[in-house]
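Structural features, examined
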There are 2 protein chains.
Amino acid sequence: MHNFFLPDLSSAVVQLSEEEAGHALRVLRLPEGEQVALVDGKGTTAVGHLRVLGKSDANVQITERKIHTPERAARIHMACAPTKQMDRFEWMLEKCTELGVDRITPLLTSRTERAHLRMDRLRKVLVSAMKQSQRTWLPTLDEPTTIHPLLSGHLPAQRLFGWCSGKHEPIKQVYNKEQDVVMLIGPEGDFTEDESTLLREHAFRATSLGHARLRTETAAVASCTWMNFAQGT
Amino acid sequence: MHNFFLPDLSSAVVQLSEEEAGHALRVLRLPEGEQVALVDGKGTTAVGHLRVLGKSDANVQITERKIHTPERAARIHMACAPTKQMDRFEWMLEKCTELGVDRITPLLTSRTERAHLRMDRLRKVLVSAMKQSQRTWLPTLDEPTTIHPLLSGHLPAQRLFGWCSGKHEPIKQVYNKEQDVVMLIGPEGDFTEDESTLLREHAFRATSLGHARLRTETAAVASCTWMNFAQGT
């Protein structure tokens with residue numbers, strides 16, 4: 001059954017976005033009355049019948065609705081520096097979504113070379129990864145931010161950052177799977193000494209992701225994997 | 001210092017391959033006498049001085065040699081079905097190399113859609129990922145194989161495969177970090193019932209990588225991450 005994203009599934013008949021309707025009718029060529037699955041990215045899925053109203057215009061008569069509880073007890077918030085090559089950052093977003101990240105913040109640090117991100121494009125990556133991996137929760141994607149505003153916002157008590165220089169305890173030692181976490185991953189060239197000091201002043205703890213020098217997107221996906229599997233359900 | 005791959009670092013003066021020499025001289029424009037780093041992918045690194053012999057012809061006079069012990073006690077062998085889109089398989093190779101995989105077997109299953117792989121291209125992905133991540137060990141890349149020959153070859157006692165259908169214990173429960181492991185990841189559509197039966201007959205144990213339906217390359221990178229970090233050094 002084909003799966004469509006719709007932020008609001010509360011009413012009995014729901015209107016597909018032009019994009020989703022176009023995909024259903026012109027790409028998949030689904031006929032009138034076809035049974036389809038819907039997900040709102042907030043834990044609700046539904047099943048219903050497609051009603052064709054126009055070339056890129058369709059709604060769905062919902063026959064069945066299901067509310068899902070979050071699959072993990074503790075939330076995972078990744079704040080990751082955008083990579084020079086956009087496809088690597090998009091790959092990170094896709095993988096972290098498959099691997100159950102709850103919130104993603106593109107983090108602009110002193111050594112971050114890319115400040116502008118096409119957020120619309122990044123959101124599409126998240127939605128399609130959520131649909132493809134059959135998750136029901138869409139990760140929150142924040143606007144790109146520098147470190148200071150991030151620190152002044154609401155963050156969980158468990159605060160980690162990957163840092164290459166110096167010796168730090170591996171993530172398997174420091175990560176507490178019982179608690180919400182925010183994990184910071186720096187850009188190519190890593191965080192500066194000043195940034196590391198600032199983070200420590202805000203109760204962030206440096207952690208090691210192994211001996212190898214991981215690419216930014218690899219460090220993000222690997223730490224998200226560990227924190228997700230550690231809660232292993 | 002720039003890093004070059006050379007399978008044999010045993011002699012005092014070593015000849016760079018045409019490719020590495022071309023990269024050093026034409027791309028990086030390194031001058032005569034420049035200090036460079038070398039790695040053989042078998043645990044030896046070296047430092048030496050570049051000698052320019054021609055446009056794409058150079059050797060290195062080795063001044064210093066270091067032998068590294070493997071960074072982990074237990075080896076990780078991933079056997080993964082090639083993906084339809086080659087770039088996804090290459091991502092998997094790059095990430096698993098960064099994350100310390102020891103051996104990779106492209107696995108041809110009943111539902112694998114791609115049988116032909118450009119091995120030369122895949123090897124280049126491994127070499128550049130090894131150099132970039134500053135690893136000293138190049139993963140072994142096997143020729144693509146079907147399941148039967150893989151099973152008749154030498155495999156470690158710890159044998160796992162990711163399987164979506166049915167309920168299986170999560171990898172954090174089943175993986176024993178003290179032992180070498182071979183982990184099989186199926187294609188889109190997963191292993192067939194027959195393949196799963198065959199694997200169980202050969203002492204393979206099915207394991208879960210979580211509730212979400214992970215893409216093939218995600219499942220491979222995520223399980224490699226877990227097994228690497230579990231040995232966490």
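Everything quoted here is computed from the prediction, not taken from an experiment.

1. Looking at the relation of the copies chain B and chain A
Overlay of chain B on chain A (RMSD 0.0 Å): rotation 180°, translation along the axis 0.0 Å. Taken together, the rotation and translation relating the two chain copies correspond to the operation of a two-fold axis. Considering only C-alpha atoms, the residue of chain B closest to the rotation axis is B:Trp226, which sits at 3.0 Å. Most of the interface of chain B is mirrored in chain A, where 100% of its interface residues again form contacts.

2. Concerning the pairing of strand S6 (residues 76-80) of chain B
Residue and element names in this part refer to chain B. When you tally the buried positions in S6, you get five out of five residues, the bulk of the element. Along S6, one buried face is formed by Ile76, Met78 and Cys80 and the opposite face, lined by His77 and Ala79, is buried too. In the sheet, S6 pairs with strand S11 (residues 181-185) via five bridges, with the strands oriented parallel. By the bridge assignment, His77 is partnered in S11 with Val182. As paired strands, S6 and strand S7 (residues 103-108) are joined by four bridges and run parallel to one another.

3. Remarks on the interface of chain B and chain A
With 34 residues of chain B at the contact, the number on the chain A side is 36 residues. Summed over both partners, the interface of chain B with chain A buries about 3100 Å², with 58% contributed by carbon and sulfur atoms. In terms of surface lost to chain A, no three residues of chain B exceed B:Trp91, B:Arg213 and B:Phe229, which account for 22% of the buried area on that side. Viewed at the interface, chain A and chain B are joined by six salt bridges.

4. Remarks on the nonpolar core
Ranked by size, the top nonpolar core spans 74 residues in total, and within it A:Met78, A:Leu93, B:Met78 and B:Leu93 carry the most contacts. Each residue touching A:Met78, except ones within four places of it in the same chain, is listed here: A:Val101, A:Arg103, A:Ile104, A:Thr105, A:Met183, A:Ile185, A:Ala220, A:Ser223, A:Cys224 and A:Met227.

5. Concerning the sheet that holds strand S5 (residues 57-67) of chain A
Residue and element names in this part refer to chain A. Strand order in the open sheet formed by five strands is S1-S3-S4-S5-S2, and the pairing between neighbours is mixed. Each having just a single partner strand, strand S1 (3-5) and strand S2 (13-15) make up the two edges of the open sheet. Between one strand axis and the next, the sheet turns through 40° on average, direction left out of account. Here helix H3 (residues 119-132) sits on the sheet and contacts S1 and strand S3 (35-39); the angle it forms with S1, its principal contact strand, is near 145°.

6. Focus: the environment of A:Cys96
Residue and element names in this part refer to chain A. Here Cys96 is to be found in helix H2 (residues 86-98). Cys96 sits in the buried class, given a relative accessible area of 0%. With residues up to four places along the chain from it excluded, the contact list for Cys96 reads Val101, Ile104, Ala220, Val221 and Cys224.

7. Brief notes about the packing of aromatic side chains
The final tally for this structure, using the stated rule, is eight aromatic pairs over all chains. Ring geometry for A:Trp226 and B:Trp226: centres 3.9 Å apart, planes at 15°, overall stacked. Of the two residues, A:Trp226 sits in helix H7 (residues 216-230) while B:Trp226 sits in helix H7 (residues 216-230), which places them in two different chains. Between the aromatic rings of B:Phe161 and B:Phe191, the centroid separation amounts to 5.9 Å while the plane-to-plane angle is 80°, which identifies the pairing as edge-to-face.

8. Structural notes on H2(A)
Residue and element names in this part refer to chain A. With 13 residues, H2 extends 19 Å from end C-alpha to end C-alpha; this agrees with the ideal 18 Å at 1.5 Å per step. With 12 of 13 residues buried, H2 lies mostly within the body of the structure. Met86, Arg88, Phe89, Glu90, Trp91, Met92, Leu93, Glu94, Lys95, Cys96, Thr97 and Glu98 are the residues of H2 that are buried. Of the residues trailing H2, Gly100 is marked for its positive phi of about 85°.

9. So, the side chain of B:Thr44
By secondary structure assignment, the location of B:Thr44 is in strand S4 (residues 44-54). On the basis of relative accessible area, B:Thr44 is assigned to the buried category, the value being 12%.

10. What to know about the confidence of the model for chain A
For chain A, per-residue confidence averages 95 on the pLDDT scale, and residues scoring 70 or more make up 100% of the total. In the predicted assembly, ipTM is 0.93 and pTM is 0.94.

11. Digging into the domain arrangement of chain A
Residues and elements named next belong to chain A. Assigned domains of chain A: these are domain 1 (3-67) and domain 2 (76-231). Here domain 1 and domain 2 have C-alpha centroids that lie 32 Å from each other. Taken together, the 11 residues of domain 1 in the interface contact eight residues of domain 2. Among the residues of domain 1 in contact with domain 2, Asn3, Phe5 and Gly41 are the three that bury the most area, contributing 49% of the side total. Run the count over domain 1 and domain 2 and you get one salt bridge. For Glu20, the salt bridge identified is with Lys131, shortest N-O distance 3.0 Å.

12. Some details on the pattern of salt bridges
What the rule picks out here adds up to 34 salt bridges over all chains. Here A:Glu98 and A:Lys95 are joined by a salt bridge, their closest N and O atoms 3.0 Å apart. Here A:Glu98 pairs with A:Lys95, and both are found in helix H2, just three residues apart, close to one helical turn. Across this residue pair, the class does not change: A:Glu98 and A:Lys95 are buried. A salt bridge links B:Lys95 to B:Glu94; its shortest N-O distance comes to 2.6 Å. On the accessibility criterion, B:Lys95 (0% relative accessible area) is buried. Among the charged side chains, a network of salt bridges with common partners joins A:Arg88, A:Arg215, A:Glu217, B:Glu94, B:Lys95 and B:Glu98.

Rules used in this analysis
Residues numbered from 1 in each chain as written. Chains lettered and ligands numbered in written order. Predicted model: local features only at pLDDT ≥ 70, side-chain atom pairs only at ≥ 80, totals over all residues. Heavy atoms only, no water. Least-squares fit on C-alpha atoms with pLDDT ≥ 70 in both. Contact = heavy atoms within 4.5 Å. Buried < 20%, exposed > 50% of the residue type's maximum accessible area, 1.4 Å probe, protein only. Helix = DSSP H or I, 4+ residues; strand = E, 2+ residues; numbered from the N terminus. Pairing = 2+ DSSP bridges. Buried area = accessible area lost by both parts, 1.4 Å probe. Salt bridge = Lys/Arg side-chain N within 4 Å of Asp/Glu carboxyl O. Core = buried A, V, L, I, M, F, W, Y, C linked by side-chain atoms within 4.5 Å. Axes fitted to C-alpha atoms, helices over the stretch in contact; angles between N-to-C directions. Phe/Tyr/Trp six-rings, centres within 6.5 Å; stacked < 30°, edge-to-face > 60°. Expected span 1.5 Å × (residues − 1). pLDDT = per-residue confidence, 0-100. Domains from an automatic or database assignment.

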